[in-house]
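Fold and geometry: a report
Here are the chains, one letter per residue:
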Amino acid sequence: MTDAGAHELRSEIENCLRDNDWRRARAAATRLWQLRPSAATARHVIACFERMREWIPLQKGRIGVLRSFTLEPTVPILRAAALTHGLDLTIQMGPLNAYAQQILEQRDDIYTQTPDVVIIAVHTRDIAPELWTGLHEKGGPAPPQQAEEVTAHFDTLIETFRKQSNATLLVHTLEKPARAFDGILDDQRSNGQIDAIEKINLELRNIARRYRDVYVLDYDALAGRFGRERWTDERLWLTAKLPMSPAALLPVADEWLQFLAPALGRVSKVLVTDLDNTLWKGVIGEDGVDGIQVGSDYAGAPFLELQRAILGLRHRGILLAIASKNNREEAYAALARHPNMLLRPEHFAAERINWEHKVHNLRAIAAELNVGTDSLAFLDDNPVERDLVRLEMPEVTVIELPHDASGYAQAIRCTPELQRLRVSDEDVQRSRFYSEERERNDARANHQTLESFYHWLEQKVDIAPLTEATAARLAQLTQKTNQFNATTKRYTEQQIVELAASPGCEIFSVRAKDHFGDNGIVGVLISRTFDERCEIDSFILSCRVISRTIETAMLTFLLERCRTRGVRTVQGWIVATPKNEPVRTLYEKHGFTCMSREGGRSLWALEVDGAKVPLPAWIELTVTEDRTVGDFAYR
Amino acid sequence: MTSPIDNSLMRIFADVFQVPIESISADSSPETIESWDSLQHLNLVLALEQEFSVQFTPDEIEKLVSPRLVSALLADKLPVPEAMPCQ
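Residues numbered from 1 in each chain as written. Chains lettered and ligands numbered in written order. Predicted model: local features only at pLDDT ≥ 70, side-chain atom pairs only at ≥ 80, totals over all residues.

Focus on the overall build of chain B
- Assigned secondary structure in chain B consists of 4 helices and 0 strands.
- Going from N to C terminus, chain B has its helices and strands arranged as α-α-α-α.
- Classification of the 87 residues of chain B by burial places 28% in the buried group.
- Across chain B, contacts joining residues at least 24 apart in sequence account for 48% of those joining residues at least 6 apart. (Helix = DSSP H or I, 4+ residues; strand = E, 2+ residues; numbered from the N terminus. Buried ≥ 20, exposed ≤ 12 C-beta atoms within 10 Å, placed from the backbone. Contact = placed C-beta atoms within 7 Å.)

Right, here's the structure in full:
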């Protein structure tokens, strides 16, 4: 029964579209989907977004589905759900039960259409009929080799696919039946029906971990969460080869979206959270530190659970920030001193606790953390603030919260943009870096001169030639660094390795440590030397360490290296981009001369003979040398 | 006489078959709606079951071939309006 709310939203969308007010139309379409996520609404939501397409930025993604059963009814639901998360998906369903042929056939659409993500959705009764209906005929337990045969088949399929395609691969686990065919006897013996299917699923995880960009989607757990009795629908299986009930279509689409958002790079890097009635129950300005509630008692428990979920995000490499309308001292006192608080001031990479507009504060936080506003997720219990952000900053992921706070943690845990398929060491350390950076900035403010601040920082810089272990990180820096990047040339790991092998080319990683700890690899230097001329191909420093004179140390190193090798001229390009303002004066500041300038491109050169780029007195530079060249002095 | 069911029913037909709601009549059928193939028929069944919280038997699924027939089958399955909570 279409309720009044949905009906009003449909009219609102229609009116907004007629007035070309796409921000409101988009917000209303998103609310309609949140209110009534069903097969019928899906088509309407898609149609609305189709009409807005030319105005709103949507990220495209191509998805291929290899399957053994009917999944078509999920497509509109997935498309509608994805659109409300800024993803415009094209979904190609392979022919029914042709998944194996499709993977093994080299010229199949699944390869030629170059999808971004491919999903293998196979039902237990199709890939392992002996473990489903077969047992009813032959009786149990299942012969042990049956599970092995199925996993071997999966392994072959995955290996073949991986050789022929770079697409991210998602593999469904096999569904267990609601009840084992042997009843409770099944659990009592080895290689029972459930035992065998669980073995396959366990091995499927092991197989996936052996391959790059292959991930397991636990379809069986999904059925379990939903409730297996309600999940299956024999009636639709018999009439349409649809093994699940209509109500199960939405959970399948939602689960796919959890994987597709991170697989397609639609991720939030920062969670910006409100404080009052979001992280704790109560208003700090009225109730005081002793009056707010967070903890294991009933009223405070949902808020503690939310804090747990948020802290979990930090372990995934997602930065945390605060945007709250409060007096800063009071709010800080609550975070620092409340005995039950799980989130503490040091967990946050940035905060704006003031009486400004939230939109203003979100922009300020994005600027401070050097991320685009489209990398922000926004958490606030106040629906008015959420709507404001939706309208003013449609690129921000606004997390919808239920009225009851006991659903808050779940909302965080089910936000696709906050999911990650893998976490690198750098990701995990990132939060710590930013927290330390805040302390550094405080320290900078406390030092009278920059020089005394630099000395106090005790920076140690290590420059080393490219190794197998550092190639991925160097490629990542070329891909992600926008500000202190002289030429903004992007390289994949493969290209970095190839480049290093080309004549005259040298690639160095720059590692920085300081008073606060190890920053890891923060810079890249790529040079090409031909006879007496050395050209700097790439000069990159992570925004975490800019304006700390590490770039001078890098040039000291390069100049000395050129001197000992008889190079006469060092030159480098500055290619201006909208984002690389900080790097533009790099060569000029270090005594290079401008040789040519055209549009945003300028070429700078320095004659090695007589040139001086002294190492800053506050930096300790070490060079990990390759074996062919001896150490040389820098001072 | 138009009951609320009729309105929401027509909207489901319009949404599923992607046609303007005005173009749907009580006797629209697979013959008159071009996009009404077997897959869309399944989608119609799923939308109806979800929207009205009912279940059709395989026999009934075959008979759901116009808004009028759907409405008649739904009338048998849905509780009488008096029994429904007020808005």
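Now that the structure has been shown, the text picks up again.
Some remarks on the overall build of chain A
- Counting secondary structure elements, chain A contains 26 helices and 19 strands.
- Relative to the 2.2 N^0.38 estimate, which gives 26 Å for 635 residues, the radius of gyration of chain A is 29 Å and therefore close to what a compact globule would have.
- For chain A, the spread of C-alpha atoms along the principal axes amounts to about 90 × 65 × 55 Å.
- Summarising the internal contacts of chain A: among those between residues at least 6 apart in sequence, 70% fall at separations of at least 24. (Rg over C-alpha atoms; globule rule 2.2 N^0.38 Å.)

Things to note about the confidence of the model for chain A
- Of all residues in chain A, 98% have pLDDT values of 70 or greater, and the mean over the chain is 91.
- Contacts of residues 627–635 of chain A to residues separated by more than four positions or lying in other chains number 9 contacts, the stretch itself having pLDDT below 50. (pLDDT = per-residue confidence, 0-100.)

Brief notes about helix α2 (residues 38–52) of chain B
Residue and element names in this part refer to chain B.
- In this model α2 runs 21 Å from its N-terminal to its C-terminal C-alpha over 15 residues, within 8% of the 21 Å that 1.5 Å per residue would give.
- Buried within α2 are the following residues: Leu42, Asn43, Leu44, Val45, Leu46, Ala47, Leu48, Gln50 and Glu51.
- Two residues or fewer after α2 comes Ser53, characterised by a positive phi angle close to 50°. (Expected span 1.5 Å × (residues − 1).)

Details of the nonpolar core
All names here are of chain A.
- Judged by nonpolar contacts, the single largest core of 99 residues is most densely connected at Val45, Leu78, Ile119 and Leu260.
- Looking at which domains feed residues into this core, each of domain 1 (1–56) and domain 2 (57–263) supplies at least three.
- Each residue touching Val45, except ones within four places of it in the same chain, is listed here: Ala29, Leu32, Trp33, Ala80 and Leu83.
- Ala323, Ile365, Leu376 and Tyr434 belong to the second largest nonpolar core, which has 48 residues in total. (Core = buried A, V, L, I, M, F, W, Y, C linked by C-beta atoms within 7 Å. Domains from an automatic or database assignment.)

A closer look at the interface of chain B and chain A
- Taken together, the 18 residues of chain B in the interface contact 18 residues of chain A.
- Among the secondary structure elements, those contributing two or more residues to the side of chain B that touches chain A are α1 (4–17), α2 and α3 (58–63) of chain B.
- For the side of chain B that touches chain A, the element with the highest residue contribution is α2(B), accounting for 8 residues.

What about the domain arrangement of chain A?
All names here are of chain A.
- Taken domain by domain, chain A holds domain 1 (1–56), domain 2 (57–263), domain 3 (270–426) and domain 4 (449–623).
- Just the C-alpha atoms count here: the centres of domain 1 and domain 3 sit 28 Å apart.
- In this complex, domain 1 contributes 6 residues to the contact, which on the side of domain 3 involves 5 residues.
- Grouping the amino acids of the side of domain 1 that touches domain 3 by side-chain chemistry returns 2 nonpolar, 1 polar and 3 charged. (Nonpolar A, V, L, I, M, F, W, Y, C, P; charged D, E, K, R; others polar.)

Let's talk about the sheet that holds strand β4 (residues 168–172) of chain A
Residues and elements named next belong to chain A.
- If you trace the 5 strands from one edge of the open sheet to the other, you get β2-β1-β3-β4-β5, paired in parallel fashion. Where the open sheet ends on each side, the last strands, each with one partner, are β2 (87–93) and β5 (214–217). Going across the sheet, the axis of each strand differs from the next one's by a mean of 25°, ignoring polarity.
- Pairing between β4 and β5: 4 bridges, direction parallel. Across the sheet, the residue bridging to Leu170 is Tyr215, located in β5. (Pairing = 2+ DSSP bridges. Axes fitted to C-alpha atoms, helices over the stretch in contact; angles between N-to-C directions.)

Some remarks on the packing of helix α9 (residues 145–164) of chain A against helix α10 (residues 193–210) of chain A
All names here are of chain A.
- Where α9 meets α10, the closest approach of the two axes is 9 Å, and the angle between their N-to-C directions is 25°. When the axis of α9 is compared with that of α10, the two are roughly parallel. Crossing handedness for the pair α9 and α10: right-handed. Between α9 and α10, the contacting residues are Gln146, Ala147, Val150, Thr151, Phe154, Asp155 and Ile158 on the first element and Ala196, Lys199, Ile200, Glu203, Leu204 and Ile207 on the second.
- Partitioned by chemical class, the residues of the contact of α9 with α10 number 8 nonpolar, 2 polar and 3 charged. (Parallel < 35°, antiparallel > 145°, perpendicular 65-115°, else oblique. Left-handed = near helix turned anticlockwise from the far one by under 90°.)

Here's the deal with the environment of Glu437(A)
- Inspection of the secondary structure puts Glu437(A) in helix α21 (residues 425–446).
- Along the sequence, Glu437(A) and Glu54(A) sit 383 residues apart, while their C-alpha atoms lie 40 Å from each other.

Brief notes about the pairing of strand β16 (residues 569–575) of chain A
Residues and elements named next belong to chain A.
- On β16, burial follows the alternation: Val570, Gly572 and Ile574 on one face are buried, whereas Thr569, Gln571, Trp573 and Val575 on the facing-out side are not.
- Looking at chain direction, strand β15 (residues 533–541) and β16 are connected through 4 bridges and run parallel. Each residue of the ladder has a partner; that of Glu535, found in β16, is Gln571.
- This β-α-β element, β15 to helix α25 (residues 550–564) to β16, shows right-handed connectivity.
- Of the strand pairs in this sheet, β16 and strand β18 (residues 601–607) are connected by 7 bridges, and their pairing is antiparallel. Across the sheet, the residue bridging to Gln571 is Ala605, located in β18. (Right-handed = clockwise from strand over helix to strand, strands pointing away.)

Some thoughts on the pairing of strand β1 (residues 59–67) of chain A
Residues and elements named next belong to chain A.
- Here β1 runs beside β2; their pairing, made up of 7 bridges, is parallel. Across the sheet, the residue bridging to Gln59 is Leu87, located in β2.
- Read from β1 through helix α4 (residues 74–83) to β2, the crossover connection turns out right-handed.
- Sheet topology places β1 next to strand β3 (residues 117–121); 5 bridges connect them, and they run parallel. Looking at the pairing, Leu66 lines up with Ile120 of β3.

Quick notes on the sheet that holds strand β6 (residues 270–273) of chain A
All names here are of chain A.
- Pairing within the open sheet is parallel, and its 5 strands lie in the order β8-β7-β6-β9-β10. Pairing within the sheet leaves two strands with one partner each, and these edge strands are β8 (350–354) and β10 (397–398).
- Examined bridge by bridge, strand β7 (residues 319–325) and β8 share 5 bridges and lie parallel to one another. Residue Ser324 lies in a different strand from β8, and its bridge partner there is Ile353.

Digging into the environment of Ala263(A)
Residue and element names in this part refer to chain A.
- Secondary-structure assignment places Ala263 in helix α14 (residues 249–263).
- On the neighbour-count criterion, Ala263 (22 C-beta atoms within 10 Å) is buried.
- If we ignore the near neighbours within four places in the chain, the residues touching Ala263 are Val117, Thr168 and Leu421.

Observations concerning the confidence of the model for chain B
Residue and element names in this part refer to chain B.
- Put simply, chain B has an average pLDDT of 83, and 84% of its residues get 70 or more.
- Here α1 stands out as the least confident element of chain B, with mean pLDDT 83; helix α4 (residues 67–77) is the most confident, with 90.
- Here residues 82–87 scores under 50 on pLDDT; set against residues more than four positions off or in separate chains, the count is 2 contacts.
- Interface confidence for the predicted complex, expressed as ipTM, amounts to 0.72; the pTM equals 0.73.

Section: unusual backbone geometry
Residues and elements named next belong to chain A.
- One non-glycine residue, Asn97, lies in the positive phi region at around 60°.
- Along the chain, Asn97 falls in the loop between β2 and α5 (99–104).
- Phi is positive for Thr114, which is not a glycine, with a value near 35°.
- Here Thr114 is to be found in the loop between α6 (109–112) and β3.
- In this structure Thr114 comes out as exposed when scored by C-beta crowding, with 12 C-beta atoms within 10 Å.

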